[in-house]
Amino acid sequence: MAAAPPKVELRNVNLRYFGLEGETEALKDVSMSITPGEFVAIIGQSGCGKSTLLSLISGILMPTGGAVLLDGRAVAGPSRKVGYMLQQDYLFEWRTILENAVLGAEIQGADMGKARARATALLTRYGLGQFLHHLPRQLSGGMRQRVALARTLCTEPDIVLLDEPFAALDSQTRLALSDEVAVILRREKKTAILVTHDIGEAVSMAERVIVLSRRPGRVKSDHAIRFAAAERPTPLAARNAPEFNTYFNRLWQELEVHVEG
Ligand code: ADP
Ligand code: MG
């Protein structure tokens, strides 16, 4: 039997935006291969093409060169295999928490009885069982992002794309929630791609970190993140592991962070 294809594969992908002000080359010759169940972080400076890369994987954008494949098949448009979690939670303020959590299922025309049962189970597991019929404004930022996660997972995607999902939260909430999200995605055996400019978040959450260069984004380097402990530490514990600082410093140099001004 042939080996299973990668879950996500990019082959020499180029992406140029064409606008009124001319062309922007956002990504250039980007190739990567992500196996089923892998948790990969993609880091790079603002404007290097991280969100563009996720748009290509989700089928919202088509590459101007090269190919994007999911399970060995070229992406031709948005797919139910892919779930997306963004920095802004985009909850509808007039819908209850439960109604927000089933939104993706509703758009897909799924069985709403099943979707509500699944959303209720997810929200309860994430500590929001008491809030099913509340409105988003009654919840804290961290709770709202948990609703956004439940909405993403309610449609049962194989692949979860996370675009700086914690960037708008205060640092305490951010640490706690990133820990929970990583644990949940691992337990559910999702293939996860996290885009962030936060090196600590990448090293603590992902088993592999890919660094993109400045625009046009290219793959600059690819790092396996390994801990000596027999079992992979949770993201919070990983931050205290001796390996954390080593990886952090290596990636810091790779990113060439300069303070401008
Ligand atoms: P990142 O997420 O890493 O900050 P993006 O993928 O959002 O970067 O953007 C990469 C580059 O492409 C940036 O220079 C941005 O200004 C440009 N860009 C993004 N979206 C568009 C668009 N719709 N039209 C034109 N240029 C765009
Ligand atoms: Mg972005």
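Caption draft 1: Molecular detail of the site of ligand 1. Around ligand 1, a shell composed of Tyr17, Thr24, Ala26, Gln45, Ser46, Gly47, Cys48, Gly49, Lys50, Ser51, Thr52 and Arg215 is seen. Cys48 places a main-chain nitrogen or oxygen 3.2 Å from an oxygen atom of ligand 1. In this structure, an oxygen atom belonging to ligand 1 sits 2.9 Å away from a side-chain N or O atom of Ser51. Expressed as a share of its isolated accessible area of 560 Å², the protein-covered part of ligand 1 is 62%.

Caption draft 2: Structural context of the sheet that holds strand S5 (residues 73–74). One open sheet accounts for 4 strands, arranged S2-S1-S4-S5; its pairing is antiparallel. The open sheet is flanked by strand S2 (22–34) and S5, the only strands paired with a single partner. Taken together, the 9 bridges between strand S1 (residues 8–19) and S2 define a ladder with antiparallel strand orientation. Opposite Gly19, over in S2, you have Gly22 as the bridge partner. Sheet strands touched by helix H1 (residues 50–58): S1, S2 and strand S4 (65–70). Its angle to S1, the strand with the most contacts, is close to 115°.

Caption draft 3: Main features of the domain arrangement of the chain. Annotation of the chain at the domain level lists domain 1 (1–81 + 158–261) and domain 2 (91–156). Every contact between the two is made by 14 residues of domain 1 and, on the other side, 13 residues of domain 2. Counting each side, the surface lost to burial between domain 1 and domain 2 is near 1,100 Å², with a carbon and sulfur contribution of 58%. Seen at the junction of domain 1 and domain 2, the total is 2 salt bridges. With its nearest N and O atoms 3.0 Å apart, the salt bridge here joins Glu188 to Arg125.

Caption draft 4: Spatial organisation of the packing of helix H4 (residues 112–125) against helix H5 (residues 141–154). At a minimum axis separation of 9 Å, H4 and H5 run at an interaxial angle of 140°. Looking at the two axes, H4 sits oblique to H5. Considering how the two elements wind past one another, H4 and H5 form a crossing that is right-handed. Residues Ala115, Arg118, Ala119, Leu122 and Leu123 of H4 pack against Val147, Ala150, Leu153 and Cys154 of H5. Looking at the contact of H4 with H5, its residues break down into 8 nonpolar, no polar and 1 charged.

Caption draft 5: Inspection of unusual backbone geometry at higher detail. Omega for the peptide link from Arg215 to Pro216 comes to -5°, which places this bond in the cis form. Among the secondary structure elements, Pro216 is positioned in the loop between strand S9 (208–212) and strand S10 (219–224). Phi is positive for Asn12, close to 45°, though the residue is something other than glycine. Relative to the helices and strands, Asn12 is located in strand S1. Of note in the backbone geometry, Glu164 takes a positive phi value of approximately 45° without being a glycine. Structurally, Glu164 is set in the loop between strand S7 (159–163) and helix H6 (171–187).

Caption draft 6: Quick peek at the sheet that holds S10. In spatial order, the strands read S6-S7-S8-S3-S9-S10; together these 6 strands make up an open sheet with mixed pairing. The sheet is open, and its two edges are formed by strand S6 (82–86) and S10, each paired on a single side. In this sheet, adjacent strand axes meet at a mean angle of 15° when their direction is disregarded. Relative to strand S8 (residues 191–196), S7 runs parallel, the two being bridged by 5 bridges. Bridge pairing links Asp163 to Val195 in S8.

Caption draft 7: Examining the pairing of S9 more closely. Most of S9 is tucked away: 5 of the 5 residues are buried. Covered by surrounding structure in S9 are Arg208, Ile210 and Leu212 together with Val209 and Val211, the residues of both alternating faces. Strand direction decides the pairing type here: strand S3 (residues 39–43) and S9, joined by 4 bridges, are parallel. Each residue of the ladder has a partner; that of Ile43, found in S9, is Val211. Relative to S10, S9 is paired through 5 bridges, and the arrangement is antiparallel. Bridging across to S10, Val209 finds its partner in His223. Taking the residues between adjacent antiparallel strands as the criterion, S9 and S10 are bridged by 6 residues.

Calculation notes
Residues numbered from 1 in each chain as written. Chains lettered and ligands numbered in written order. Predicted model: local features only at pLDDT ≥ 70, side-chain atom pairs only at ≥ 80, totals over all residues. Heavy atoms only, no water. Near = heavy atom within 4 Å. Polar contact = N/O pair within 3.5 Å; in protein donor to acceptor, adjacent residues only side chain to side chain. Areas by Shrake-Rupley, 256 points an atom, 1.4 Å probe, with all protein chains shown as cover. Pairing = 2+ DSSP bridges. Helix = DSSP H or I, 4+ residues; strand = E, 2+ residues; numbered from the N terminus. Contact = heavy atoms within 4.5 Å. Axes fitted to C-alpha atoms, helices over the stretch in contact; angles between N-to-C directions. Domains from an automatic or database assignment. Buried area = accessible area lost by both parts, 1.4 Å probe. Salt bridge = Lys/Arg side-chain N within 4 Å of Asp/Glu carboxyl O. Parallel < 35°, antiparallel > 145°, perpendicular 65-115°, else oblique. Left-handed = near helix turned anticlockwise from the far one by under 90°. Nonpolar A, V, L, I, M, F, W, Y, C, P; charged D, E, K, R; others polar. Buried < 20%, exposed > 50% of the residue type's maximum accessible area, 1.4 Å probe, protein only.

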